[in-house]
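Structural characterization, general
Letter by letter, the chains look like this.
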Amino acid sequence: MGRTAGGSARLFLLAGTVLGGLGVALGAFGAHGLKKVLDARLFEVYETAVLYQFLHAFALLIAGLWLRQGGAAGLLRLAGASWLAGVALFSGSLYLYVASGVHWLAFITPIGGTLFILGWLAAGWAAWKHPSAP
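These lines cover the structure that appears in this document, whether it is placed above or below. Predicted model, so just to flag it, every value in this text is computed and none were measured.

Bringing the overall build of the chain into the picture now. Counting secondary structure elements, the chain contains four helices and zero strands. In sequence order, the secondary structure elements of the chain are arranged as α-α-α-α. For the C-alpha atoms alone, the extent of the chain along its principal axes is close to 50 × 25 × 25 Å. Evaluated residue by residue, the chain yields a buried proportion of 40% over its 134 residues. When contacts within the chain are restricted to residue pairs at least 6 apart in sequence, long-range pairs at least 24 apart make up 77% of them. Just so you have it, the chain exposes about 7,500 Å², and 72% of that area is on carbon and sulfur atoms.

As enumerated under the stated definition, the model contains one salt bridge in all. Linking E44 and R41 is a salt bridge whose minimum nitrogen-to-oxygen distance equals 3.6 Å. Taken together, the residues span about one helical turn, with E44 and R41 both in helix α2 (residues 40-68) at a distance of three residues. The partly exposed category is assigned to E44, whose relative accessible area is 45%. For R41, a relative accessible area of 54% gives the class exposed.

Turning our attention to the nonpolar core. Core analysis: the biggest nonpolar cluster contains 32 residues, and L38, Y46, L60, W83, V98 and A126 have the highest contact counts within it. Taken together, the elements giving at least two residues each to this core come down to α1 (5-34), α2, α3 (73-100) and α4 (109-129).

A separate point is the packing of aromatic side chains. Applying the stated criterion to the full structure yields six aromatic pairs. Plain terms: the ring middles of Y52 and F116 are 6.0 Å apart, the flat faces sit at 20° to each other, and that makes the pair stacked. Pair noted here: Y52 is in helix α2 and F116 is in helix α4, with a separation of 64 residues, a long-range link. Looking at Y52, the relative accessible area reads 31%, which means it is partly exposed. According to the relative accessible area criterion, F116 is buried, its value standing at 4%. In textbook terms, an aromatic cluster arises when at least three aromatic residues are bridged by ring pairs, as seen for Y52, F90 and F116.

This part is about α4. For α4, with 21 residues, the first-to-last C-alpha span of 30 Å sits near the 30 Å given by 1.5 Å per residue. Inspection of α4 places T109, G112, G113, F116, G119, A122, A123 and A126 among the buried residues, and these make up the whole buried set. Buried residues in α4 make contact with α2 and α3.

Following both chains from N to C, one finds α3 and α4 inclined at 160°, their axes separated by 7 Å at the closest point. On the basis of their axis angle, the class for α3 and α4 is roughly antiparallel. Here the hand of the crossing between α3 and α4 comes out left-handed. Looking at the contact of α3 with α4, its residues break down into 19 nonpolar, seven polar and one charged.

Reading the values: the criteria
Residues numbered from 1 in each chain as written. Predicted model: local features only at pLDDT ≥ 70, side-chain atom pairs only at ≥ 80, totals over all residues. Heavy atoms only, no water. Helix = DSSP H or I, 4+ residues; strand = E, 2+ residues; numbered from the N terminus. Buried < 20%, exposed > 50% of the residue type's maximum accessible area, 1.4 Å probe, protein only. Contact = heavy atoms within 4.5 Å. Areas by Shrake-Rupley, 256 points an atom, 1.4 Å probe, with all protein chains shown as cover. Salt bridge = Lys/Arg side-chain N within 4 Å of Asp/Glu carboxyl O. Core = buried A, V, L, I, M, F, W, Y, C linked by side-chain atoms within 4.5 Å. Phe/Tyr/Trp six-rings, centres within 6.5 Å; stacked < 30°, edge-to-face > 60°. Expected span 1.5 Å × (residues − 1). Axes fitted to C-alpha atoms, helices over the stretch in contact; angles between N-to-C directions. Parallel < 35°, antiparallel > 145°, perpendicular 65-115°, else oblique. Left-handed = near helix turned anticlockwise from the far one by under 90°. Nonpolar A, V, L, I, M, F, W, Y, C, P; charged D, E, K, R; others polar.

Purely spatial values, then, with no claim about function.
As structure tokens, then:
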């Protein structure tokens, strides 16, 4: 990740757009391809992975824009990094579980969820610490 607020902003904006675009593609793939071949429970797991990826793609976009406006850079970098890692671990482990059926992947998912929470706490702290920031 970039060491400056501008570098982090760019990374978060790019990651948000890529994750958002992939979310559309993966959602469409699920709805038009996987729904017919997965049982209802696995399809629900897949949809959860897509949903959380989408939510945090938007969160990354907001963090990137907030950094560009001069927010609490350290806290926002922590938030964005946590959300990126959270998507990789939470959504990634769910996608891999659906594709492979490997049950131990379920132990990785809560780590990603914890990173999501950490990111939201860091963003909240940034808003508290810098109330005049957008």
